[in-house]
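Given next are the chains, with one letter for each unit.
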Amino acid sequence: MSAVTVPVSTGEEPRRRRWTSIDLSGTDTLNDEERAALRTIGPQGLRRNRSRGVPRRTAVSWRVLARLVEPLDTARATLHHRDEVRYRRAALHAVGLVLEHCAVDGRPWWTWSSDEWVGLLGQSAEAFCAGQSFPTETTVRPFVVGLAYQLAGFEHFEQLGTFNRLHLAKLVFGEDAVEASITEVAATLDTWGYRIPGLARHRLRGVVAQALLVNRSPLLCDLDTEAFIRLRAHPATNDYQLPVLYALQRAVAALGHCEAPVRAGYNAVPVIEGADPTWTAWVERWHATSTLTPKVRAIVRTIMAKAGRWLAAIQPEITEPSQWTRATCAAWVAAVDRMSVGDYVQRRDGLGAREGKPISPRTKAHILMATRTFFRDCQEWEWIARRFDPTRALAVPRSVGALITTDPRVIADDLWAKLLWAGLNLEAVDLPGNSADTYYPMELIRAVTLTWLFAGLRSDEITRLRLGCIRWQHDGHPIRPDASDVLAQDVICLLAVPVHKTGTAFTKPVDPLLGQAIEAWQRLRPSQPKTLDRKSAEEVDVLFCVRGQPVARSYLNRTIIPALCQKAGVPPNDVRGKITSHRARSTIASQLYNAKEPMTLFELQAWLGHRSPASTQHYAKISPATLSKAYNDAGYFARNLRTIEVLVDRDAVITGRAGNGQPWQHYDLGHGYCSYSFFEQCPHRMACARCDFYVPKASSRAQLLEGVENLQRMLVTVPLTDDERVAVDDGHTALAALVDRLHDVPSPAGPAPRTIGAAVTVTELPNVRLRPTRRPKKT
């Protein structure tokens, strides 16, 4: 080594500094004169203590050590510290310790390795003090680290144990320069809503100080993207510091000095294992070419990797899509139909108790659908010849398709009512937190919670709602939310939903309570940087955004819903499985479909934002109560049967008069009685021809009949003919047609109504409702 570069302050701009080169020509070992001078001065003298017997600075021995001392003194002069005796003494002692170590090692300090510097500095302040020949203050150690940093480029801070990086940065760069950078970063994060308590703010200052040290500049403008890559890979950066480093890069990116960070590992796609490399290459080629959404592409890739493992195990001779035939497709469909959880997968750590159980029919359909998509694209892109039709060869078997129905996982009404109560009364104490309180502001949490409970949106749509998505209307005209001339019940709250899974943006009415919660959050929402919408690829202002980051989609399932279940006393799993964010959408849709004044299927389709009513059927489920009411209103029993009252003359039966032809059954027609024993076979039941079997109720004969003592009243069910059922359904016109057709039909007494000449009595058969009788209580 022939020269070393050390910083020298210019005095003009504190945050900039000039670097000068000092000649260090000579051997990399100490000569005899230098060794003798170090022995003459001694350890105490090297610290420049004013004690008897210690050579003065201008002595010959110090002039011999100029090659060793002058760079150290130059670097010492550039360190920034208070002009106090203890700090000046600590700086001199730091130089003395370096020279003392040179005397012990026999080599100049510029030949030392990082491990040798660590040996001098120690792995803790206690070890540093214990390793010195004379009592040494802990104040000296940061000055030695500063000398090593400036002269030897030492940056292995992770080997020094716990020490104050901020103090070292201020020593090297100056307090004003370091504080200016920290203040600029903290101000940017504060505007985004970072609530940094004392301990976290101290950690932020330490991470910023270390970043400046590793980058060897106190300026934020020097922290470019490459600098942050080096910082993350630096040994001194541990996992505890990574979240703060992520926030630091976001702040520096907002200042325009680097690119925004990307969370490591979130977008990583695992390498396909267990399949033939040729098949894997085809799958990766399709994944790189397809224009489906990233999530769908990843699902198809995973399923085709499963197919590759199946091929490697069952038909290893097939390694390319072009080798598939109808027979191969039939074998794959059969394998899918018999597949269990855990078959041909790459990872099993998340399967748990599900491993070995048969996969559901819907999963079988999804696997075959992904396979059809893969082969259809390969054929249409002319990658392979069209040897079979994927739609037919890979169709879902009829036995599997019959098991797939629209079955919304609706939450029971009583459980949903409890969750609504919990959401309306949610407090900070109900949520998991730490010493810094909840991660998100409470106003944001309430708005997110009520959006889930009232809006019927997917979790992706909730987290992507935009600022200003709430509008208020009255009689079709926009109004202010605080308008005092409009009653609250007359206000309509509209929610603008962004581009979503199945369609474009749309607007839907929601409960005003939700609008008020969102307005409350918007008033307190800190200014946030625009966020790239992953659906529309637009830079937008996301509503639920804090610290420059939108609320995670998993926040509902991992935090909000468990907290609501705990507060409401509702189990996190019901008979339909785990309560998730998407089940609220089915629950709200089903309640709107079964309301007292329900939405039609098409209205519900528009409210949910579906393209087709077929999609809406997967969410709307008719409740048993609604179905029962509709069944009763349909009048199936009354439409096909009539229950009428019959008077049974028990005396006529007991005395034997009924056997001699005397009437003993009298059917109540409402306007009279019919004593024809085979009444259910009479064609004139609904349009009585008033034959000899008819007894008017106003006659004395009917009054004598009703006065019989041993008379029993019973109910008889009479089935209706097709003509009578049409008459019941269609009313007067059908009844008149029935009378016309019966004019020439003989009555039970013999003559037809036209022959009898009496006016035909047109009336519906009375329908007596059956009511369960109460059993008498036992005494």
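I will try to describe carefully the structure that is included in this document.

Conventions used here
Throughout this document, residue positions are counted from 1 along each chain, in the order its sequence is written. A pLDDT threshold of at least 70 governs which residues receive local features in this predicted model, and a stricter bar of 80 or more applies before side-chain atom pairs are shown or counted, although totals over entire chains, interfaces and linings include all residues. Excluded from the side-chain calculation are hydrogens and water; included are all heavy atoms of the structure. Secondary structure is summarised from DSSP: a helix means a run of H or I of at least four residues, a strand means a run of E of at least two, and numbering begins at the N terminus for each. For every residue, the accessible area obtained with a 1.4 Å probe (protein chains only) is divided by the maximum for its type, and the residue is called buried under 20%, exposed over 50%, and partly exposed between those limits. For this analysis, residues touch if any pair of their heavy atoms sits within 4.5 Å. Counted as salt bridges are all cases of a side-chain nitrogen of Lys or Arg within 4 Å of a carboxyl oxygen of Asp or Glu. Whether two strands pair depends on DSSP finding at least two bridges between them. A fitted line through C-alpha atoms represents every axis, and for helices the fit uses only the stretch in contact; the resulting angles, taken between N-to-C directions, go from 0 to 180 degrees. Oblique is the label for every angle not falling under 35 degrees (roughly parallel), over 145 degrees (roughly antiparallel), or within 65 to 115 degrees (roughly perpendicular). Residues are sorted three ways: Asp, Glu, Lys and Arg are charged, Ala, Val, Leu, Ile, Met, Phe, Trp, Tyr, Cys and Pro are nonpolar, and all the rest, Gly among them, are polar. N or O atoms within 3.5 Å of each other form a polar contact, as long as, within protein, one can give a hydrogen and the other can take it, and as long as residues adjacent in sequence are counted only when both atoms are side-chain atoms. Only buried Ala, Val, Leu, Ile, Met, Phe, Trp, Tyr and Cys residues count toward a nonpolar core, and they belong to the same one when joined by side-chain atoms within 4.5 Å. Expected helix span is computed as 1.5 Å times (number of residues minus one). Bend, in this description, refers to the angle at a residue between axes fitted to the seven residues ending there and the seven starting there.

The helix and strand inventory of the chain stands at 33 helices and 19 strands. For the chain, the residues scored as buried account for 43% of the 779 residues in total. Of all intrachain contacts in the chain linking residues separated by at least 6 positions in sequence, the fraction that spans at least 24 positions is 63%.

Next up on the list: the pattern of salt bridges. Here the structure, examined in full by the defined rule, presents 23 salt bridges. The residue E137 makes a salt bridge to R89 at a minimum N-O spacing of 3.2 Å. Here E137, found in the loop between α6 (125–130) and α7 (140–152), pairs with R89, found in helix α4 (residues 85–105); they are 48 residues apart in sequence, far enough to count as distant. For R583, the salt bridge is made with D574, and the minimal N-O distance between the two is 2.8 Å. Here R583 matches D574 in class, with each residue buried. Overlapping salt bridges bring together D460, R464, R466, D533, R534 and E538 as one network.

Our next topic: the pairing of strand β5 (residues 492–497). Pairing geometry for strand β3 (residues 470–474) and β5, over four bridges, is antiparallel. Of the residues in β5, the one forming a bridge with Q473 is I492.

A few words now on the environment of R89. With relative accessibility at 32%, the residue R89 sits in the partly exposed group. C-alpha of R89 to C-alpha of R47: the two residues are 42 residues apart in sequence and 8.5 Å apart in space.

With that settled, consider the pairing of strand β6 (residues 506–510). In β6, alternate side chains face the same way, and those of F506, K508 and V510 are buried while those of T507 and P509 on the opposite face are not. Alignment of β5 against β6, held across five bridges, turns out to be antiparallel. When the bridges of β6 are listed, C493 appears paired with V510.

Further remarks concern the environment of R348. Along the chain, R348 falls in the loop between α15 (326–337) and α16 (361–380). Owing to a relative accessible area of 44%, R348 belongs among the partly exposed residues under this scheme. With sequence-adjacent residues up to four places away left out, R348 is seen in contact with G342 and E355.

Before going further, it helps to spend a moment on the packing of helix α9 (residues 175–191) against helix α12 (residues 242–254). To characterise two packed helices, one gives the angle between the axes of the helices and the distance between these axes. Close contact between α9 and α12 brings their axes to 9 Å; oriented N to C, the two are set at 90°. Classified by the interaxial angle, the pair formed by α9 and α12 is roughly perpendicular. Of α12, the residues touching α9 (which contributes V185, T188 and L189) are A247, L248, A251 and A254. Of the residues that constitute the contact of α9 with α12, the class distribution is six nonpolar, one polar and no charged.

Mapping E158 onto the fold places it in the loop between α7 and α8 (165–173). Take E158: its relative accessible area is 29%, and that puts it in the partly exposed class. A C-alpha to C-alpha distance of 8.6 Å links E158 and N238, two positions 80 residues apart in sequence. For E158, the residues in contact, after removing those within four places along its chain, are R165, P235 and A236. Side-chain polar atoms of E158 contact the backbone nitrogen of A236, separated by 3.4 Å.

Before going further, it helps to examine the side chain of S61. In this fold, S61 is placed in helix α2 (residues 60–64). The exposure class assigned to S61 is buried, which follows from its relative accessible area of 15%. Not counting residues up to four positions away in its chain, the partners in contact with S61 are A37, T40 and I41.

Here we come to unusual backbone geometry. Within the chain, A537 stands out as a residue other than glycine whose phi angle is a positive 60°. Tracing the sequence through the fold places A537 in the loop between β7 (531–532) and β8 (539–540). Here the phi dihedral of R547 falls at roughly 60°; this positive angle occurs in a residue that is not glycine. Here R547 shows up in the loop between β9 (545–546) and β10 (549–550). Look at R547 and you get buried, because its relative accessible area is 13%.

Soluble globular proteins tend to bury their nonpolar side chains together. Core analysis: the largest hydrophobic core is formed by 76 residues, its most contacted members being V98, L99, W109, V144 and F157. The element that contributes the greatest number of residues to this core is α4, accounting for nine residues. Setting aside residues up to four positions removed in sequence, V144 forms contacts with A94, L97, V98, L120, L121 and F128. Among the nonpolar cores identified, the runner-up in size contains 56 residues, and V448, L450, V551 and Y555 belong to it.

Over its 15 residues, helix α1 (residues 32–46) runs only 18 Å from end to end, short of the ideal 21 Å by more than 12%, given 1.5 Å per residue. At T40, α1 shows its largest bend, some 50°, and a proline, P43, comes one to four positions later. Buried within α1 we find E34, A37, L38, I41, G42, G45 and L46. For α1, the elements touching its buried residues are α2, α3 (66–78) and α4. Of the residues that open α1, the one with a side-chain oxygen 3.2 Å from the backbone nitrogen of E33 is N31.

Next up on the list: the side chain of K170. Checked against the element boundaries, K170 lands in helix α8. On the basis of relative accessibility, which here comes to 18%, the residue K170 falls in the buried class. Separated by 3.0 Å, the side chains of K170 and E179 make a polar contact. Setting aside residues up to four positions removed in sequence, K170 forms contacts with H80, E175, V178, E179 and R205.

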